[in-house]
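The residues making up each chain are set out below.
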Amino acid sequence: MPIAFSHARHAPADVDVLGVPVAQGEPPGPGAELSDAFLAERGFEAKVGETLAIPDEQGGTVIAVGVGDPSAIDATVLRKAAAAFTRAAWKDASIATTLLDAAPPGLDRGVAAQAVAEGIGLAAYRFTRYKADGKASRIRSAVVAGSGGAKASAGVERGARVATAVNAARDLINTPASDMTPRKLAAFATDVAKREGLDVTVWDEKTIAKEKLGGLVSVAKGSDEPPRLIRLEYNPPGARATLAFVGKGITFDSGGLSIKTAYGMETMKTDMSGAAAVLSAMSLLPAFAPKVRVIGIVPATENMPSGHAIKPGDVFAARNGKTVEVLNTDAEGRLVLADALSLAAEAEVDAIVDLATLTGACQIALGLKIAGLMGNNDGWIDQVRGAADRAGEAVWHLPLPSAYRKHIDSDVADIKNVGPRYGGALTAGLFLQEFVGDVPWAHLDIAGPARSDDEDGWTVKGGTGFGVRTLLETALKFKKP
Ligand code: BES
Ligand code: MN
Ligand code: ZN
């Protein structure tokens, strides 16, 4: 869906529906004559994301869109309001909004315009590939109208691009596991690299074994689908530092021999959400052109039970030489990430950030909307947290207590892959830490926010694409920690 910018302070005359911002305690608009009394009569309180549709005399519709407290309007508020407006305008073919002009003077016009366009593009998404009557929405075009000139226009273009990339990640996540195998994921990465101008390398199962990726080999053993190790690289002229993005790419997590319940498996096609976020974030880099080299690493495999599968009690040697006792084959994400993190550390990057749907425990700790943020370097953690804040993606810093490290001591190997039930997100983080050496590293456990059961703000049902925008922001403002 094209999203265009218009300099007009009102909507183009031919749109079906116009979204007009309403801040609390301020006159509505610009863009349409709405009276406070009229809105108040209908119980409209102008809360962020609240909408009220009002037919006009010409057969079109004006939608009042709440933006809340005028002194608190930031990019996140604009993104949410634009998303709510888009949902309310779902049945209209051409939509326009003057939400941009609700932005306070202190907010950069480009940032504001990008947020509005992101909100529209993200809320207009539906996964329809497997539906006979699969129309994403009736919206065919959107216009972001307002002041800000070239800056706002460029912002709208950036927002549309970002939304397209996030929606591509959602498609990968929502596609059933049998149609999104490690090979398919690698093919997607190869296509993206060709289209956007990234370097790409894909290791097949033979190379993976030769390169001693013991964790990836071990998890892949139970599957008839061969694993892949995907590596994308963005290397701009004049890059002064290198960053690594690592994403968990379990295309289906049955648990392996430590098998999940039927219910526990229902959503496990989404266990490659970290990988999807990394691939989509990488796809944006050439257009956004940060002056930093970025390597994206995705270990991809299914986790399946079979006569070939890794068994509880088995020991393997990881890429960095550490031996790992696998006591629960359902703690597989950390095994494939161990090797991917080692590869990143070997590449002598200046910092690593990984994304993984790693633990149910993180869902218990933070709920379904907030990702756990852990790491070994406070400055780097702060950078990633700042990026997530700008992106409007909720993260919360969790500790990696050295006192808990003993919980993953093994009786037979250097380390074991599970600890006690309590604090499971932290044990997983402590496990990963063993594979990054002394490279500044941040870990995002996205088990909660990677998928959604409801429509909320910029998220839709199913895969959310959480992390794409945080990664992009991280690269754009990267400073060596
Ligand atoms: N992919 C799961 C984590 C997960 C669970 C993500 C639910 C999203 C929703 C991961 O591989 C897993 O199974 N983790 C186990 C670890 C345990 C065996 C230590 C878990 O969280 O139960
Ligand atoms: Mn698992
Ligand atoms: Zn998993």
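Residues numbered from 1 in each chain as written. Chains lettered and ligands numbered in written order. Predicted model: local features only at pLDDT ≥ 70, side-chain atom pairs only at ≥ 80, totals over all residues. Heavy atoms only, no water.

On to the overall build of the protein. Each helix and strand in the protein was counted, giving 14 helices and 20 strands. Relative to the compact-globule value of 23 Å for 481 residues, the protein shows a C-alpha radius of gyration of 23 Å, a close match. Each principal axis of the C-alpha atoms in the protein carries an extent, and together these give about 75 × 50 × 45 Å. Counting across all 481 residues of the protein, residues that qualify as buried make up 57%. By element, 51% of the accessible surface of the protein is carried by carbon and sulfur atoms, the whole surface being about 19,000 Å². The distance from the centre of the 51 positive side-chain charges to the centre of the 57 negative ones in the protein is 3 Å. (Helix = DSSP H or I, 4+ residues; strand = E, 2+ residues; numbered from the N terminus. Rg over C-alpha atoms; globule rule 2.2 N^0.38 Å. Buried < 20%, exposed > 50% of the residue type's maximum accessible area, 1.4 Å probe, protein only. Areas by Shrake-Rupley, 256 points an atom, 1.4 Å probe, with all protein chains shown as cover. Lys, Arg positive; Asp, Glu negative; His and termini not counted. Charge placed at Lys NZ, Arg CZ, Asp CG, Glu CD.)

Once that is clear, we can look at the coordination of the zinc ion (ligand 3). The coordination sphere of the zinc ion (ligand 3) contains the protein donors Lys248 (NZ), Asp253 (OD), Asp271 (OD) and Glu332 (OE), at a distance range of 2.0 to 2.4 Å. Here the zinc ion (ligand 3) is ringed by 6 donor atoms whose angles at the metal span 78 to 173°, and the overall shape comes out octahedral. Ordering the donors of the zinc ion (ligand 3) by residue number gives the pattern K-x4-D-x17-D-x60-E. The metal-metal distance between the zinc ion (ligand 3) and the manganese ion (ligand 2) is 3.2 Å, with aspartate 253 coordinating both. Here aspartate 253 is found in strand β10 (residues 249-253), whereas its partner glutamate 332 is found in the loop between β13 (323-326) and α10 (333-346), with 79 residues between them in sequence. Grouping residues by exposure puts aspartate 253 and glutamate 332 together as buried. (Donors = N, O, S within 2.8 Å, 3.2 Å for Na, K, Ca; no water. Tetrahedral: all angles 85-135°; square planar, octahedral: opposite > 155°, others 65-115°.)

A separate point is the coordination of the manganese ion (ligand 2). Within the first shell, the manganese ion (ligand 2) binds the protein through Asp253 (OD), Asp330 (O), Asp330 (OD) and Glu332 (OE), at distances of 2.1 to 2.2 Å. Bound by 6 donor atoms, the manganese ion (ligand 2) shows angles of 71 to 168° at the metal and therefore irregular coordination geometry. Ordering the donors of the manganese ion (ligand 2) by residue number gives the pattern D-x76-D-x1-E. Take glutamate 332: its relative accessible area is 1%, and that puts it in the buried class.

Here the focus is helix α14 (residues 468-476). Here α14 lies mainly inside the structure; 8 of its 9 residues are buried. Val468, Arg469, Thr470, Leu471, Leu472, Glu473, Thr474 and Ala475 are the residues of α14 that are buried.

As far as domains go, the protein holds domain 1 (4-170) and domain 2 (175-476). Here the C-alpha centroids of domain 1 and domain 2 sit 34 Å apart. With 21 residues of domain 1 in contact, the opposing surface of domain 2 contributes 26 residues. Summing both partners gives a buried area of about 1,900 Å² for domain 1 against domain 2, and 60% of it is carried by carbon and sulfur. On inspection of domain 1 and its partner domain 2, the count reaches 3 salt bridges. There are 12 residue pairs in polar contact (both at pLDDT 80 or more) connecting domain 1 and domain 2. Going through the elements one at a time, α2 (75-88), α3 (109-123) and α4 (149-174) are the ones with two or more residues in the side of domain 1 that touches domain 2. If one sorts the elements of the side of domain 1 that touches domain 2 by residue count, α4 sits on top with 8 residues. Residue classes in the side of domain 1 that touches domain 2 are distributed as 11 nonpolar, 1 polar and 9 charged. (Domains from an automatic or database assignment. Contact = heavy atoms within 4.5 Å. Buried area = accessible area lost by both parts, 1.4 Å probe. Salt bridge = Lys/Arg side-chain N within 4 Å of Asp/Glu carboxyl O. Polar contact = N/O pair within 3.5 Å; in protein donor to acceptor, adjacent residues only side chain to side chain. Nonpolar A, V, L, I, M, F, W, Y, C, P; charged D, E, K, R; others polar.)

Here we come to the site of ligand 1. Residues in contact with ligand 1 amount to 16 residues; listed here are only the nearest, Lys260, Asp271, Asp330, Glu332 and Gly360. Residue threonine 357 places a main-chain N or O atom 3.3 Å away from a nitrogen atom belonging to ligand 1. Backbone polar atom of leucine 358 to a nitrogen atom of ligand 1: 3.4 Å apart, as the coordinates give it. The class makeup of the residues in the shell around ligand 1 is 4 nonpolar, 5 polar and 7 charged. (Near = heavy atom within 4 Å.)

Attention now moves to the packing of α4 against helix α9 (residues 273-288). As a packed pair, α4 and α9 sit with axes 9 Å apart at the nearest point and diverge in direction by 155°. Looking at the two axes, α4 sits roughly antiparallel to α9. α9 is crossed by α4, and the crossing has right-handed handedness. In contact with Arg158, Arg161, Val162, Ala165, Ala168, Ala169, Leu172 and Ile173 of α4, α9 contributes Ser273, Ala276, Leu279, Ser280, Ser283, Leu284, Ala287 and Phe288. When grouped by side-chain class, the residues that make up the contact of α4 with α9 number 11 nonpolar, 3 polar and 2 charged. (Axes fitted to C-alpha atoms, helices over the stretch in contact; angles between N-to-C directions. Parallel < 35°, antiparallel > 145°, perpendicular 65-115°, else oblique. Left-handed = near helix turned anticlockwise from the far one by under 90°.)

The omega torsion across glycine 29 and proline 30 is 15°, close enough to zero to call that bond cis. Tracing the backbone through its elements, the reader meets proline 30 in the loop between β2 (17-23) and α1 (36-41). In this structure, lysine 212 is a non-glycine residue whose phi angle is positive, near 60°. Note on lysine 212: relative accessible area 59%, which makes it exposed.

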